[in-house]
Amino acid sequence: MSCEIAGLIADFEVSILGRAQVRRQDGTWAKLPPLIGDMLAALALAGEAGRPKEWLLEALWSNDNRSDNAFAQAIMKLRNYVTVPKPGAKGNYILHVAEKRVDALFFCDRLKEVVAKSEQSVAELDALLALWRDSPWSDRSRLRASAWADVRSARDKLVDVVRGLPGEQRSALTSWNRFCETFPSESGGWRSQDRLPSPPRKRVLVVDDKIASELIAAFGGGYDCDKVTSLGQWSAMIKGGHALDYDCALVDLHLKDSMTDAGGEIVLQDLKRLRPDMPTVLMSAELPFEDWHSIRKRLGVSTVIAKHNDENKTVVPLYQTVAKLISEAGR
């Protein structure tokens, strides 16, 4: 598959916006069997972090069919299409492919660039719509919905942008109708030409090195979310003059695997300086040895919540907590 967007041609090697397929060296495409395709999607969406064997087993096999042998056979079959090195002890399985060569990741990154422009190009939006071949999170997929949280949020953002276009521009989109047919249960409202004005969606910043995507998924699409997964990424945002136009921020105390750093405190100090009126939340599985009132006063956070670094468990009632803070800030 090739798509041209503002002069950029991306020859994708991994396509998961629909039934998973991999581009061969001769330019043709190999469609993967359902289970192998779901495993490919799981690893592609995980990026450089990869996924542990236990996560893949639980996500892709039922209790009755789950076994080390089933996993070994599936990984072996996947390696017929892509490179997935054997991890070290307790390491994660990582797909060796550049993010720009995965259509779903390319879609998310490119959409951010297109939306950031003062005016959206019909041709660019049409090309993004054309990337979708089918619903990747249909009933046929074994992959849990939370794995698609970032992609689904980006898709919804694209729909909002298209629906906000003037009628003549929207009618010029050649891929819009086919895109809507890809999501028949949702697209009935998308096609409406009489769109009532709606208030701008609230935006939430999530700073967490391990489970940022799972935290965002816990909002169920109720907020537009951006994630930061390291102190380096945060520093780049600040130096780059990012607007920080968020309605609330969730910040993990530790931003390294060692759990000995306090990188989240640096983020909170920056937010207190740059956005003093924005509600902020400190999150950690291991809170500092001081009472919560002192933590709130020292860091200027609105509240402190404990969390589990376990993506398969309920972390906290995030939606209710954030909704309350945003509502109180808006009074």
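For clarity, every value in this text was computed on a predicted model and none was experimentally measured.

Quick look at unusual backbone geometry now. Here the phi dihedral of K90 falls at roughly 60°; this positive angle occurs in a residue that is not glycine. As for its position among the elements, K90 is in the loop between helix 3 (68-78) and helix 4 (103-116). The phi dihedral of L244 falls on the positive side, at around 55°, and the residue is not glycine. Its relative accessible area of 3% is what places L244 among the buried residues.

This part covers the pattern of salt bridges. Across all of its chains, the model carries 16 salt bridges by this definition. Residue R51 is joined to E214 by a salt bridge in which the shortest nitrogen-to-oxygen separation is 3.9 Å. Taken together, the residues R51 in the loop between helix 1 (34-46) and helix 2 (53-60) and E214 in helix 10 (residues 212-217) connect sequence positions 163 residues apart. Two residues, E113 and R110, come together in a salt bridge whose shortest N-O distance is 2.3 Å. Of the two residues, E113 and R110 are both situated in helix 4; the distance of three residues between them amounts to about one turn of the helix. Overall, the relative accessible area of 45% leaves E113 in the partly exposed class. Through salt bridges with shared partners, one network takes in R110, E113, K117 and E124.

Given two aromatic rings, one states the distance between the centres and the angle between the planes to describe the pair. Taken as a whole and assessed by the stated rule, the structure comprises 13 aromatic pairs. Seen from their ring centres, F71 and Y93 are 5.2 Å apart, and the 70° between their planes marks the pair as edge-to-face. Taken together, the positions of F71 in helix 3 and Y93 in the loop between helix 3 and helix 4 put the pair 22 residues apart, joining distant regions of the chain. Exposure class is identical for F71 and Y93. Each is buried. Pairing W176 with F179 gives two aromatic rings, centres 5.8 Å apart and planes at 20°, and the pair type is stacked. With W176 and F179 both in helix 8 (residues 176-182), this residue pair falls three residues apart, about one helical turn. Neither W176 nor F179 differs from the other in exposure class; each is buried. In this arrangement the basic side chain of R51 is found over the ring face of W55, its NZ or CZ atom lying 3.9 Å from the centre.

So, how was this worked out
- Residues numbered from 1 in each chain as written.
- Predicted model: local features only at pLDDT ≥ 70, side-chain atom pairs only at ≥ 80, totals over all residues.
- Heavy atoms only, no water.
- Helix = DSSP H or I, 4+ residues; strand = E, 2+ residues; numbered from the N terminus.
- Buried < 20%, exposed > 50% of the residue type's maximum accessible area, 1.4 Å probe, protein only.
- Salt bridge = Lys/Arg side-chain N within 4 Å of Asp/Glu carboxyl O.
- Phe/Tyr/Trp six-rings, centres within 6.5 Å; stacked < 30°, edge-to-face > 60°.
- Lys NZ or Arg CZ within 6 Å of the ring centre and 35° of its normal.

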